[in-house]
Amino acid sequence: MAGPTLYFIIDQHQGQPYSVERAVEDMTRAATVEAIAAGNYIERPKFGAGRSTLQSVIECDMASGVARDVTAEIAMLVSQRWSDQGEPLKGWQRDFLETHCASHVVRAFDVEAA
């Protein structure tokens, strides 16, 4: 299939990974960053803080048939979105950054909050 570059999200539900079903128009890079930044992939327990359940983001160039893991790239874009908002990180946001970014990214938020 020739076509656009699509971004597949691998999330976790009840401890098992699964591919998130989304409309093709919602599988762009920008829409993927927006969905993650908005907190669409977190576990919300009845008690206590939520945590990120996102496992990975896979970029698929439908024209060439090439796929690659772009989780770290997308995580950096998400962190920039949160930084631009200028608010302290929530627990699930910190968890997401600690899992998918280098430690200096989390420390940068700590410095901004101080």
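Presented here is a report on the structure given in the accompanying data block. (Residues numbered from 1 in each chain as written. Predicted model: local features only at pLDDT ≥ 70, side-chain atom pairs only at ≥ 80, totals over all residues. Heavy atoms only, no water.)

A look at the nonpolar core
Turning to step 1, where the next piece is worked out: Membership of the largest hydrophobic core comes to 24 residues, with the highest contact counts inside it found for I36, I74, V78, W82, F96 and L97.
Turning to step 2, where the next piece is worked out: Every element with two or more residues in this core is listed here: β1 (5-13), α1 (29-37), α2 (71-85), α3 (91-100) and α4 (103-113).
Turning to step 3, where the next piece is worked out: The residues touching V78, leaving out its near neighbours within four places in the chain, are V33, I36, A37 and F96. (Core = buried A, V, L, I, M, F, W, Y, C linked by side-chain atoms within 4.5 Å. Buried < 20%, exposed > 50% of the residue type's maximum accessible area, 1.4 Å probe, protein only. Helix = DSSP H or I, 4+ residues; strand = E, 2+ residues; numbered from the N terminus. Contact = heavy atoms within 4.5 Å.)

A word on the environment of R29
Turning to step 1, where the next piece is worked out: Along the chain, the position of R29 falls in helix α1.
Turning to step 2, where the next piece is worked out: Residues R29 and L77, spaced 48 residues apart in sequence, show a C-alpha to C-alpha distance of 9.8 Å.
Turning to step 3, where the next piece is worked out: Beyond its immediate chain neighbours, meaning those up to four positions away, R29 contacts Y7, E59, E73, I74 and L77.

As for the sheet that holds strand β6 (residues 66-69)
Turning to step 1, where the next piece is worked out: The 4 strands lie next to each other as β2-β1-β5-β6, forming an open sheet whose pairing is antiparallel. The open sheet has two edge strands, β2 (16-19) and β6, and neither has a second partner. Each strand axis lies, on average, 25° off the axis of its neighbour in the sheet, ignoring direction.
Turning to step 2, where the next piece is worked out: Packed onto the sheet, α1 meets β1 and β5 (56-61) and runs at close to 25° relative to β1.
Turning to step 3, where the next piece is worked out: Set on the sheet, α2 makes contact with β1, β5 and β6; between it and β5 the angle comes to about 110°. (Pairing = 2+ DSSP bridges. Axes fitted to C-alpha atoms, helices over the stretch in contact; angles between N-to-C directions.)

Section: the pairing of β1
Turning to step 1, where the next piece is worked out: Where β1 meets β5, 6 bridges bridge the pair, whose relative direction is antiparallel. Along β5, the bridge assignment pairs Y7 with E59.
Turning to step 2, where the next piece is worked out: Pairing of β1 with β2, which is carried by 4 bridges, proceeds in the antiparallel orientation. Within β2, the position partnered with H13 by the bridge is Q16.

Describing unusual backbone geometry
Turning to step 1, where the next piece is worked out: Unusually for a residue other than glycine, Q14 sits at a positive phi of about 50°.
Turning to step 2, where the next piece is worked out: Within the secondary structure, Q14 sits in the loop between β1 and β2.
Turning to step 3, where the next piece is worked out: Taking relative accessible area as the criterion, Q14 reaches 72% and is therefore assigned exposed.

Digging into the packing of aromatic side chains
Turning to step 1, where the next piece is worked out: Under the defined criterion, the tally for this structure stands at 2 aromatic pairs.
Turning to step 2, where the next piece is worked out: Taking the centre distance of 5.4 Å and the plane angle of 85° together, the rings of W82 and W92 count as edge-to-face. Pair noted here: W82 is in helix α2 and W92 is in helix α3, with a separation of 10 residues, a long-range link. Summarising the burial analysis for this pair, W82 and W92 share the class buried.
Turning to step 3, where the next piece is worked out: An angle of 80° between the planes, with centres 5.7 Å apart, marks the rings of W82 and F96 as edge-to-face. Placement of the pair is W82 in helix α2 and F96 in helix α3, with a sequence separation of 14 residues. When sorted by exposure, W82 lands in the same class as F96, which is buried.
Turning to step 4, where the next piece is worked out: Among the aromatic residues, those joined into a ring-pair cluster are W82, W92 and F96. (Phe/Tyr/Trp six-rings, centres within 6.5 Å; stacked < 30°, edge-to-face > 60°.)

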